[in-house]
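For reference, the chains in residue letters:
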Number of protein chains: 2
Amino acid sequence: MLTPAHLIQLKRDGEELSPEQLLQFIQGVSNGQVADYQATAFLMAVYFQGMSLSETVALTDAMLASGERYDLSAVPGTKVDKHSTGGVGDKVSLILAPLAAACGLKVPMMSGRGLGHSGGTLDKLESITGFDVHLPRDRFEQVLREVGCAMIGQSKSMVPADKKLYALRDVTGTVECIPLIVASILSKKLAEGTNALVLDVKVGSGAFMKSREQARKLARTLVQVSKKMGLPARAILTDMNQPLGYAVGNAIEVLESIEILRGDKAESDRCSSDLKELTIQLCAHMLDLGGVVKNVPEGRKLAHARLQDGSAWEVFQKLVRAQGGAMEQILEPERKLPQTSSAVIWKAPKRGYLVKMDTEVMGRILVELGGGRKKASDSVDPRVGLIFHKKLGSRVASGEPMVTVNVPEKRGNGPDLELLERQFQEAIEVSSTRKPVPKLIFEVLS
Amino acid sequence: MLTPAHLIQLKRDGEELSPEQLLQFIQGVSNGQVADYQATAFLMAVYFQGMSLSETVALTDAMLASGERYDLSAVPGTKVDKHSTGGVGDKVSLILAPLAAACGLKVPMMSGRGLGHSGGTLDKLESITGFDVHLPRDRFEQVLREVGCAMIGQSKSMVPADKKLYALRDVTGTVECIPLIVASILSKKLAEGTNALVLDVKVGSGAFMKSREQARKLARTLVQVSKKMGLPARAILTDMNQPLGYAVGNAIEVLESIEILRGDKAESDRCSSDLKELTIQLCAHMLDLGGVVKNVPEGRKLAHARLQDGSAWEVFQKLVRAQGGAMEQILEPERKLPQTSSAVIWKAPKRGYLVKMDTEVMGRILVELGGGRKKASDSVDPRVGLIFHKKLGSRVASGEPMVTVNVPEKRGNGPDLELLERQFQEAIEVSSTRKPVPKLIFEVLS
């Protein structure tokens, strides 16, 4: 058996590690035989040398083996989950889980928290007072069985190796590395016990993958590894060059989700159409992958119908009730969800078309407002957020409101709103000539 | 000020770090603000991305600034030291320090211990009972002043950042990296207070640099960085495709050194001629660099003379006395230096010429015998060792003794001598056709 130092050297020199060697390394990370300072040197070597497909499969398997794995076979129905690689304003899960359940799937959704510019489903759900994202295993199964979906955080006993490695990657510049991303995502999805998986791989200025080429590589690897691990999967490459929908912020994203679930035809509808379209498309793929429909177009039809007839909205209400959330907040979200008492408005600098947006900056502005996290131990303020009045391609008049910013109450060292507005203005481009708007969904890999 | 994680990312992405950033990072390593797991990720990023000359200078400077720096200006004379990048059977320092002192230089030599296949001067000196390599600063200065040379280990207060980083590099596959090697060597040499430095950069099967190209690059960087740091330096590229001299092992290397210092014309002389030649050549460069002579040929003449007339041998005796070593051991080394009571002989497998030797294997065999270290905390047995009867290019008869191996007393789990002999036989090549012997000294860089 090689020493950890020797395994690091092999990877450093571009050798392919065997499944046994990767298992040994990951077990060592879990039990302390591989020191943290060896784990990070290894991760950096992987960053530079990459991993073959079979190494990535073996790494995923080794990480999965580091903890508990749920078996949901006692819950009747096909379990299909969706995972997004993360973006700004991405509240799809809140609508999609109840919608797919309303269409006949079981959705055992385990999500994460926001970190950096990227939001997290758990934070959004916790804007609803009392909503419990830490259900024990038996209760998780019960909600899944009775409601059709359950939305929780990952159990502590699942994939402990990923928890350790992710914390190390976060502070050592080794986050942006496809085999490590793939093993981290898939080991957790395999542990939660889903039967199939739809992956929403985001591309653009607000995504971790800024280029299509990188995103496509990630998507392809995710699908290939997932299949090798016995988990049918499909990846959809979707645009993240602007926030999804109009809301960026925890409570207001819940509000926007409810508007779609209720079928509101509000003024804001125009700005939510991408969110609705993406949700239906992802649902169609989940239904197709889960065998509920014969093809994706049929899936779209079914998803449309279940959104229209209010059954998805009903499932959402059941879900919130089952997980302990305050019902009055979701029945009267405009009045009862947490909100700030003051707001500022950022306006268009000139007349023209909104042609570009550095969406990561929008996520970072939310963090500065207190609505996201710089480090995992930070707490979030559910009330703050940004309401976008314009989407890419919109015509704007000079001085027209672009964004309403729900700001925290003024305190000694609150955010510097002038600085944030400057950052916002620098992150957008208004042009006198129209430019093509990126397609919302531009590739499906299966 | 950037976070450690951000600095790692910059290096990972191939950016050039500023002197301030490198100072911040090294200070962080020393004071704990940079975690060990961040330091190793950084080191691996440097392994892949390298460092520019000015980064390497700044890294050396930052490491030097992490600890105490000796000022030897109160000791009259020009201080010139020699550093070797390490090899097998390299006992040059034991002869060279007294020889250069006998020629008029002051030699403030701080050395290291053996690790892996490579031997260390301190271990060799400690074969002499009582020899104290841990002199306090004032005593070090006194010995240097009175004897002309002093040979000690690095003080604990010197370059603590290097101690920490070296220990981490050793277990994370980041030893073989030129900017890290250069900063490690030069920060220590700058801290010891020498005025000039001759570098013996080893190349070949027993060296860390196996190729001339790599060794040349290391040598060039060492000289360039050294000069930028205000330390005149010269590098000599020398052969390490076979052990230097005939002895590999701590006490017998002291014996071989004494034979040369005494000017013995023993049977073994033939096998020591490379050792003697290299010592004289290095001494000539030290004398030239230190301004004692006008050029290298004059330096050679002077070194020859001082070896011949016994003055180097006298300085060695003074040195041993000054540092507390047992005089009877060096006056009667054949009888009184530590030695084993048993030996085995490994013979030539066939008739021919000895044309090749994997010299690293020879170093590793010494480690297996107990004469070297696998890890820094191991202790060494000074008595064991290998006595080589043949050098590259020698004609051998089938069954003729190649090596005498001084082996430890048989114990329960002593070394497997049959296995070691097999390793030896696999590491040498005896051929019916002669091949050119590598030149001992093949390049000087200044």
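This text follows the structure it describes.
Residues numbered from 1 in each chain as written. Chains lettered and ligands numbered in written order. Predicted model: local features only at pLDDT ≥ 70, side-chain atom pairs only at ≥ 80, totals over all residues. Heavy atoms only, no water.

On to the pattern of salt bridges. All names here are of chain A. Per the counting criterion, the structure on display carries 66 salt bridges over all chains. Taking the shortest distance from any N to any O, the salt bridge between Glu 253 and Lys 124 comes out at 2.9 Å. Here Lys 124 lies in helix H6 (residues 121-125) and Glu 253 lies in helix H11 (residues 250-262), a separation of 129 residues in the sequence. The two residues Glu 253 and Lys 124 agree in class, both being buried. Residue Asp 274 is joined to Lys 391 by a salt bridge in which the shortest nitrogen-to-oxygen separation is 2.6 Å. In this pair, Asp 274 sits in helix H12 (residues 269-289) while Lys 391 sits in the loop between strand S9 (385-388) and strand S10 (395-396), placing the two residues 117 residues apart along the sequence. Like Asp 274, the residue Lys 391 is buried in the burial classification. Through salt bridges with shared partners, a single ionic network connects Arg 113, Asp 123, Glu 126 and Arg 373. (Salt bridge = Lys/Arg side-chain N within 4 Å of Asp/Glu carboxyl O. Helix = DSSP H or I, 4+ residues; strand = E, 2+ residues; numbered from the N terminus. Buried < 20%, exposed > 50% of the residue type's maximum accessible area, 1.4 Å probe, protein only.)

Residue and element names in this part refer to chain B. One way to put it is that helix H1 (residues 4-12) packs onto helix H2 (residues 19-31) with a least axis distance of 11 Å and a crossing angle of 125°. If you check the angle between H1 and H2, you find them oblique. For the element pair H1 and H2, the recorded crossing hand is left-handed. The segment H1 lies against H2, with Pro 4, Leu 7, Ile 8 and Leu 10 engaging Gln 21, Gln 24 and Phe 25. The residue makeup of the contact of H1 with H2, split by class, is five nonpolar, two polar and no charged. (Axes fitted to C-alpha atoms, helices over the stretch in contact; angles between N-to-C directions. Parallel < 35°, antiparallel > 145°, perpendicular 65-115°, else oblique. Left-handed = near helix turned anticlockwise from the far one by under 90°. Contact = heavy atoms within 4.5 Å. Nonpolar A, V, L, I, M, F, W, Y, C, P; charged D, E, K, R; others polar.)

So, about the sheet that holds strand S8 (residues 352-357) of chain B. Hydrogen bonds along the backbone pair up the strands of a sheet, which may run parallel or antiparallel. Residue and element names in this part refer to chain B. Strand order in the open sheet formed by three strands is S10-S8-S12, and the pairing between neighbours is antiparallel. Among the strands making up the open sheet, the edge pair consists of strand S10 (395-396) and strand S12 (428-431). In terms of strand pairing, S8 meets S12 through four bridges, oriented antiparallel. Directly across from Met 357, in S12, lies its bridge partner Ile 428. (Pairing = 2+ DSSP bridges.)

Another aspect to go through is the sheet that holds strand S5 (residues 233-239) of chain B. Residue and element names in this part refer to chain B. Spatial ordering of the open sheet is given by S1-S4-S5-S13, a layout of four strands whose pairing is mixed. Both edges of this open sheet fall to strand S1 (80-84) and strand S13 (441-445), since each of them pairs with a single strand only. Neighbour-to-neighbour, the strand axes of this sheet turn through a mean angle of 20°, independent of strand direction. Sheet topology places S5 next to S13; four bridges connect them, and they run antiparallel. Bridge pairing in S13 places Thr 238 opposite Ile 441. Strands strand S4 (196-203), S5 and S13 of the sheet are contacted by helix H10 (residues 212-228), whose axis makes an angle of about 165° with S5.

Here the focus is the nonpolar core. Formed by 297 residues in total, the largest nonpolar core has its most connected members in Val 201, Leu 386 and Phe 424 of chain A together with Val 201, Leu 386 and Phe 424 of chain B. When neighbours within four sequence positions are excluded, Val 201 of chain B is seen to be in contact with Thr 85, Ala 215, Leu 218, Ala 219, Leu 222, Ala 235, Ile 236, Leu 237 and Thr 238 of chain B. (Core = buried A, V, L, I, M, F, W, Y, C linked by side-chain atoms within 4.5 Å.)

Let us look at the relation of the copies chain B and chain A. Think of it as a corkscrew move, a rotation about one axis and a shift along it, taking one chain copy to the other. With an RMSD of 0.1 Å, chain B superimposes on chain A once it is rotated by 180° and translated 0.0 Å along the axis. The two molecules are tied by a two-fold rotation axis, judged by turn and shift. Considering only C-alpha atoms, the part of chain B nearest the rotation axis is Tyr 37 of chain B, at 1.8 Å. (Least-squares fit on C-alpha atoms with pLDDT ≥ 70 in both.)

All names here are of chain B. With a relative accessible area of 11%, Lys 391 lands in the buried category. A polar contact of 2.9 Å, which involves the side chain of Lys 391, links it to the backbone oxygen of Gly 245. Leaving out residues up to four positions away in the same chain, Lys 391 has contacts with Gln 242, Pro 243, Leu 244, Gly 245, Cys 271, Asp 274 and Leu 354. (Polar contact = N/O pair within 3.5 Å; in protein donor to acceptor, adjacent residues only side chain to side chain.)

What follows is about the packing of aromatic side chains. With the rule as written, the count across this model stands at eleven aromatic pairs over all chains. Pairing Trp 346 of chain A with Phe 424 of chain A gives two aromatic rings, centres 5.2 Å apart and planes at 35°, and the pair type is tilted. Here the residue Trp 346 of chain A occupies a position in strand S7 (residues 342-347), and Phe 424 of chain A occupies one in helix H18 (residues 417-427), the gap between them amounting to 78 residues. Taken individually, Trp 346 of chain A and Phe 424 of chain A each receive the classification buried, so the pair is uniform in this respect. Ring geometry for Tyr 47 of chain B against Phe 48 of chain B: centres 5.4 Å apart, planes inclined by 75°, an arrangement best described as edge-to-face. Taken together, the ring pairs in this structure connect Tyr 47 and Phe 48 of chain A together with Tyr 47 and Phe 48 of chain B into an aromatic cluster. Its guanidinium or amino end placed over the ring of Phe 442 of chain A, Arg 212 of chain A lies 3.8 Å from that ring's centre, counting from NZ or CZ. (Phe/Tyr/Trp six-rings, centres within 6.5 Å; stacked < 30°, edge-to-face > 60°. Lys NZ or Arg CZ within 6 Å of the ring centre and 35° of its normal.)

This part is about the side chain of Lys 79 of chain A. All names here are of chain A. Position of Lys 79 among the secondary structure elements: in the loop between helix H4 (53-64) and strand S1 (80-84). Within the buried set, Lys 79 has no salt-bridge partner at all; the shortest N-O distance to an opposite charge, 7.2 Å, is to Asp 71. Side-chain polar atoms of Lys 79 contact the backbone oxygen of Leu 72, separated by 3.1 Å. (Lys, Arg positive; Asp, Glu negative; His and termini not counted.)

Nothing here speaks to function; it is geometry throughout.
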